[in-house]
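So you can see what is in the structure, the chains are spelled out below.
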Amino acid sequence: MNILSYFQKIEKGIAVLIDPDKFNDISSLSFFLDNIQIAQPHMVFIGGSSVSKADFTRCVELARQKLDIPVVLFPGASHHISNQADALLFLSLISGRNPDFLIGHHVDAIDDLEEIDLEVIPTSYLLINGGKMTSVEYVSRTVPIPQNEITIARKTAMAGKYLGHQLIYADAGSGALNPINSKMISALAKIGSPLIIGGGIRSIEAIDRAHKHGANIVVIGNKLEENIDFLLDLKHYLKTSL
């Protein structure tokens, strides 16, 4: 499957973000993946800000065994690469000015990427203020775009599009207090690239609101770590929103 084409066709998509750091053992991860398989979201993203290579690889390999939906890498570092995945979001943190996350990790990853057959999708990554310092903000040492700075976010995403990026990923960060507001989602959606929205989304109402304002994919992570039964709500939403 061509994952970029898949992104371009999805309108009310759900992705589950799996952070390997959040699972203490294989059995808990396996249980989580079994439940994801039942819910059947459009895809899973695998990644985190401080995941070891061993834990990352183990998670991707188990996900590949358990799931029949696309497995997409959401790397936080250059070693977050696996040939067991369907695609990799080649994230450039263009909302910040830290060269490591603009281009540095990307250069470091090239030797590994050239050795494997993996779809690589250039992606504009925008960190948006979600009301608290998140792990990606701390690790990347960048300042997120304020929620009310719609023009800055739009211009930043447009610059990414002119650079050749194929997707926009706007993220309030893991554990954010507030999801990205509807006005910003609408402005980013008008750019015309497939739009991924994540961070701070904890209800079906918030998912539906993001979709109605132009998000192609809404990412759910922390909510499922707090309450895995929310996957049943996601499954129902996916069925009724078709």
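Because the structure is a prediction, the values reported are computed rather than measured. (Residues numbered from 1 in each chain as written. Predicted model: local features only at pLDDT ≥ 70, side-chain atom pairs only at ≥ 80, totals over all residues. Heavy atoms only, no water.)

A complete count under the given rule lists 5 salt bridges for this structure. Salt-bridge contacts for Glu-225 lead to Lys-22; the nearest nitrogen and oxygen are separated by 3.2 Å. With Glu-225 in helix α9 (residues 222-226) and Lys-22 in the loop between β1 (13-18) and α2 (26-39), this pair connects stretches of sequence that are 203 residues apart. The residue Asp-55 makes a salt bridge to Arg-58 at a minimum N-O spacing of 2.8 Å. In this pair, Asp-55 and Arg-58 are both assigned in helix α3 (residues 53-66), 3 residues apart and thus about one turn of the helix distant. For Arg-58, a relative accessible area of 38% puts it in the partly exposed group. (Salt bridge = Lys/Arg side-chain N within 4 Å of Asp/Glu carboxyl O. Helix = DSSP H or I, 4+ residues; strand = E, 2+ residues; numbered from the N terminus. Buried < 20%, exposed > 50% of the residue type's maximum accessible area, 1.4 Å probe, protein only.)

The subject of this paragraph is the packing of α2 against helix α10 (residues 230-240). Interaxial distance between α2 and α10 falls to 9 Å at its minimum, and their mutual angle equals 20°. Taken as axis vectors, α2 and α10 run roughly parallel relative to one another. Considering only the axes of α2 and α10, their crossing is right-handed. The segment α2 lies against α10, with Asn-35, Ile-36, Ile-38 and Ala-39 engaging Leu-231, Lys-235 and Leu-238. In the contact of α2 with α10, the residues fall into 5 nonpolar, 1 polar and 1 charged. (Axes fitted to C-alpha atoms, helices over the stretch in contact; angles between N-to-C directions. Parallel < 35°, antiparallel > 145°, perpendicular 65-115°, else oblique. Left-handed = near helix turned anticlockwise from the far one by under 90°. Contact = heavy atoms within 4.5 Å. Nonpolar A, V, L, I, M, F, W, Y, C, P; charged D, E, K, R; others polar.)

Moving on, we get to α3. Between the first and last C-alpha of α3 there are 20 Å, a value that for 14 residues agrees with the 20 Å anticipated at 1.5 Å per step. Those residues of α3 that sit buried are Phe-56, Cys-59, Val-60, Leu-62 and Ala-63. Angular distribution of buried residues about the axis of α3 spans 170°; they occupy a single face of the element. Looking at the buried positions of α3, the neighbouring elements they touch are β1, α2, β2 (43-46) and β3 (71-73). (Expected span 1.5 Å × (residues − 1). Arc of directions from axis to C-beta.)

Here helix α6 (residues 150-162) is 13 residues long and its end C-alpha atoms lie 18 Å apart, about the 18 Å a rise of 1.5 Å per residue gives. Turning to α6, its buried residues number three or more, namely Ala-153, Thr-156, Ala-157, Met-158 and Gly-160. For α6, the elements touching its buried residues are β5 (119-127), β6 (167-171) and α7 (182-189). At the exit of α6 stands Gly-164, carrying a positive phi of roughly 105°.

This next bit is on the pairing of strand β4 (residues 87-93). With 6 of 7 residues buried, β4 lies mostly within the body of the structure. Direction of pairing for β3 relative to β4: parallel, over a ladder of 2 bridges. Its bridge partner being in β4, Val-72 is matched across the sheet by Ala-87. Sheet topology note: the β4/β5 ladder contains 7 bridges and is parallel. (Pairing = 2+ DSSP bridges.)

The tally for this structure, following the rule as stated, stands at 7 aromatic pairs. Centroid distance Phe-23 to Phe-32: 5.1 Å. Interplanar angle 45°. Geometry classified as tilted. Ring centres 6.5 Å apart and planes at 25° place the aromatic pair Phe-45 and Phe-74 in the stacked group. Linking Phe-45 in strand β2 with Phe-74 in the loop between β3 and β4, this pair joins segments that are 29 residues apart in sequence. Ring pairing ties together the aromatic residues Phe-7, Phe-45, Phe-74, Tyr-125 and Tyr-169, which thus form one cluster. The ring of Phe-230 carries Lys-223 above its face, with NZ or CZ at 5.4 Å from the centroid. (Phe/Tyr/Trp six-rings, centres within 6.5 Å; stacked < 30°, edge-to-face > 60°. Lys NZ or Arg CZ within 6 Å of the ring centre and 35° of its normal.)

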